[in-house]
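# Results of the structural survey
Below, each chain spelled out in residue letters.
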Amino acid sequence: MSEVKTGLRYTEEHEWAESVGNNIVRIGITDFAQSQLGDIVFVEFPEVGAAVQSGQPMGTIESVKTVSDLFSPVNGTVTKVNDALIDSPEGVNEQPYGAGWMIEVEVDGDAAAALEQLWDDERYRAYVASNG
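Residues numbered from 1 in each chain as written. Predicted model: local features only at pLDDT ≥ 70, side-chain atom pairs only at ≥ 80, totals over all residues. Heavy atoms only, no water.

Naming follows an unreviewed UniProt entry, where the protein chain appears as Glycine cleavage system H protein of Paenibacillus allorhizosphaerae. The UniProt entry for the protein chain carries this comment under Sequence similarities (unreviewed entry): "Belongs to the GcvH family." (UniProt positions renumbered as here; feature names shortened; annotations may be inferred.)

In structure tokens form, the structure reads like this:
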């Protein structure tokens with residue numbers, strides 16, 4: 001079974017989010033998502049300063065099998081992108097919860113409240129088990 005990291009928040013679209021302080025949320029895709037995609041060959045992110053909306057596409061991820069949209073789990077403004085993935089997109093496969101993170105967003109409103117709207121690890125684990 002794919003790793004589901006305790007303490008993160010999750011979406012039905014297989015993104016994860018975590019608070020990194022100062023109303024900033026770091027976002028990536030889950031281990032389940034990267035394993036379903038296969039070898040990742042390209043990632044496209046929004047630019048720093050771009051607005052993202054919860055549940056709306058914020059970029060794409062391309063594997064040898066398919067191209068998929070990336071969805072933002074929160075509303076806010078992109079403050080940082082993981083430029084290392086542009087040259088080495090396989091980082092998402094290797095460390096989806098570590099060096100394979102995608103973007104950081106300054107949340108509109110309260111980050112803790114925004115994260116509370118997302119699934120906890122138990123709910124996501126059950127979702128993957130029943131739909132994976």
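Read on for the rest.
## Description of the packing of aromatic side chains
Evaluation of the coordinates by the stated rule reveals 4 aromatic pairs. Clustering of aromatic rings is evident, with ring pairs tying together Tyr10, Trp119, Tyr124 and Tyr127. Above the plane of the ring of Trp101 lies Arg26, whose end atom (NZ or CZ) is 4.5 Å from the centre. (Phe/Tyr/Trp six-rings, centres within 6.5 Å; stacked < 30°, edge-to-face > 60°. Lys NZ or Arg CZ within 6 Å of the ring centre and 35° of its normal.)

## Here's the deal with the sheet that holds strand β4 (residues 40-44)
With respect to topology, 3 strands assemble into an open sheet ordered β4-β6-β7, the strand pairing being antiparallel. The open sheet terminates on both sides in strands that have one partner only, identified here as β4 and β7 (67-71). The mean angle between the axes of side-by-side strands here comes to 25°, regardless of whether they run parallel or antiparallel. Across 4 bridges, β4 lies against strand β6 (residues 57-63) in antiparallel orientation. Among the inter-strand pairings, Ile40 is bridged to a residue of β6, identified as Ser63. (Pairing = 2+ DSSP bridges. Helix = DSSP H or I, 4+ residues; strand = E, 2+ residues; numbered from the N terminus. Axes fitted to C-alpha atoms, helices over the stretch in contact; angles between N-to-C directions.)

## Focus on the side chain of Asn82
Its place among the elements puts Asn82 in the loop between β8 (76-81) and α2 (84-87). Excluding residues that lie within four positions of it along the chain, Asn82 makes contacts with Phe45, Ala99, Gly100, Trp101 and Met102. (Contact = heavy atoms within 4.5 Å.)

## Let's talk about the UniProt feature "modified residue: N6-lipoyllysine" (unreviewed entry) in the protein chain
Residues annotated in UniProt with the feature "modified residue: N6-lipoyllysine" (unreviewed entry) correspond here to Lys65. As for its position among the elements, Lys65 is in the loop between β6 and β7. Judged by its relative accessible area of 59%, Lys65 falls in the exposed class. Not counting residues up to four positions away in its chain, the partners in contact with Lys65 are Gln36, Leu37 and Gly38. Among the polar contacts listed, one links the side chain of Lys65 to the backbone oxygen of Gln36, at a separation of 3.1 Å. (Buried < 20%, exposed > 50% of the residue type's maximum accessible area, 1.4 Å probe, protein only. Polar contact = N/O pair within 3.5 Å; in protein donor to acceptor, adjacent residues only side chain to side chain.)

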